[in-house]
Amino acid sequence: MPLLPFKIVHVTQGLTVRVSNHFAYTDFGIRDAGEMRFNGRRYVMGATPGTGFIERDSESHSYHQFVRAGLARQRRSYLRLLMGREPSFEKEQERVKQALLQCDDAKRRDILECYQNALTVASQQEQYARIIRGVKDRMGHHSNKFMVSVISHYKSKIHHLEHDMKAVEYGVKEHCTEATFAAYEKVLDAFYRVASCRRIWQYDERFRGESHQVFFDMGVFDFIRSDGYLPLMRDLHGRDLYLLPDCLLVVRSSVDFDVLPLKLLTIVAQEMAIEEPMEMLSSSMGDAAAMIKIPELGLTYYFNHVRPVIAFVEALDQLKETL
């Protein structure tokens, strides 16, 4: 582990700068350049490179707290650096390598191999991003044509890496038929309306009466490329559920996940009846209006809206018919 928060790097002839040893958080490989400037939505990275979610518009105070907590974990801390708690491409590459040695599922192997290649490209970009930051710090507020040219040189390198990244990422559209992808796009639109519900709870059947708020988002897993991002559902057991056109990824970590074929899953929606037993609802769920059940995973979600939930499950059923 590095003992200092920076290292001295000879960038080019006549220029030596201090380059940070801290992990450089970027949205490289997640979305095209300039997309954030267009829509203003922030990318909140998870614990590992290439995994996270895109902040959505919401009036929910608890959701804003959730986003702020995710962004707070990205603040530089010398203690986290010293203890090796910051994200690391080297560690992640080793974890992927070990996971591939034990992988016996073709779909999971395909995702992991693409992730492994994407990590190699992204690690190069991250190093260039650190150097650019070091040159900017060295230049300060004074214009220096030589240093500006060095920055432009490394930005050009990153631009070339963007093309390399697209070539190695797992592309959703390339792994399904046109009919399936068209149906999947409708699922994305319907899911975003579900995720925008002000309140989403999960009821844990193992502890009757226990329910907690969870958040749905449009996310990214292991650098998987999708034009509209991946529907992301979370549960109380620390799992993230990413919906692909033909399967559901039940994720425990970036290298530990199950691939469940969508056709074999039962996902049903139901409007809450007025006479619903009160013991099923806690005081925090007083305005629950609909539910989604996934029996195979033992999951039950409650929502304070009906139409978006019903429309989402109907779109899912139409997607299954194309598989």
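Per chain, the residues get numbers from 1 upward, laid out in the order the sequence is written. Per-residue local features of the predicted model are confined to residues with pLDDT of at least 70, and side-chain atom pairs are confined, for both listing and counting, to 80 or more; whole-chain, interface and lining totals are unaffected and use all residues. Water and hydrogen atoms were dropped before computing side-chain values, which therefore reflect all heavy atoms in the structure.

On to the nonpolar core, then. Among the nonpolar cores identified, the biggest contains 91 residues, and Phe 216, Ile 224, Leu 249 and Phe 312 are the most heavily contacted of them. Among the elements that take part in this core, helix α5 (residues 106-139) stands out by supplying 12 residues, more than any other. Other than its neighbours up to four places away in sequence, Phe 312 contacts Val 187, Ala 190, Phe 191, Val 194, Leu 243 and Ile 292. With 6 residues, the next largest nonpolar core counts Tyr 203, Met 272, Ala 288 and Tyr 302 among its residues. The term nonpolar core refers to a set of buried residues drawn from Ala, Val, Leu, Ile, Met, Phe, Trp, Tyr and Cys, joined through side-chain atoms within 4.5 Å. Three exposure classes are used, based on accessible area relative to the maximum for each residue type with a 1.4 Å probe and protein chains only: buried under 20%, partly exposed in between, and exposed over 50%. The helix count covers DSSP runs of H or I at least four residues long, the strand count covers runs of E at least two residues long, and both are numbered beginning at the N terminus. The contact definition used throughout considers only heavy atoms, calling two residues in contact when any of these lie within 4.5 Å.

Let us now look at the sheet that holds strand β7 (residues 217-220). What the 7 strands build is an open sheet, ordered β3-β4-β7-β8-β9-β10-β11; its pairing is antiparallel. A single partner strand is all that each edge strand has here, and the edge strands are β3 (43-45) and β11 (257-261). When strand polarity is set aside, the average angle formed by the axes of neighbouring strands in this sheet is 35°. Two strands pair if DSSP finds at least two bridges between them. The pairing of strand β8 (residues 230-234) with strand β9 (residues 240-243) spans 3 bridges and is antiparallel. By the bridge assignment for β9, Arg 234 is matched with Asp 240. Here an angle of 0 to 180 degrees is reported between the N-to-C directions of two axes, which are lines fitted to C-alpha atoms, with helices fitted over the stretch in contact. Running over the sheet, helix α7 (residues 178-195) touches β7, β8 and β9 and is turned about 40° from β8.

To continue, consider the packing of aromatic side chains. Two rings belonging to Phe, Tyr or Trp (six-membered ring only in the last case) form a pair when the distance between their centres is within 6.5 Å. Interplanar angles under 30 degrees mark stacking, angles over 60 mark edge-to-face geometry, and anything in between is tilted. If you walk through the whole model with that rule in mind, you get 15 aromatic pairs. For the ring pair Phe 53 and Phe 66, a centre distance of 5.7 Å and an interplane angle of 25° mean the geometry is stacked. In this pair, Phe 53 sits in strand β4 (residues 52-54) while Phe 66 sits in helix α2 (residues 61-72), placing the two residues 13 residues apart along the sequence. Looking at Phe 66, the relative accessible area reads 26%, which means it is partly exposed. Clustering of aromatic rings is evident, with ring pairs tying together Phe 191, Phe 216, Tyr 301, Phe 303 and Phe 312.

What follows concerns the environment of Gly 52. Within the secondary structure layout, Gly 52 lies in strand β4. With relative accessibility at 6%, the residue Gly 52 sits in the buried group. Spatially, the C-alpha atom of Gly 52 lies 9.3 Å from that of Phe 223, the residues being 171 residues apart in sequence. Those residues in contact with Gly 52 that lie beyond four places of it in its chain are Tyr 43, Val 44, Met 45, Gly 46, Gly 219, Val 220, Leu 232 and Tyr 242.

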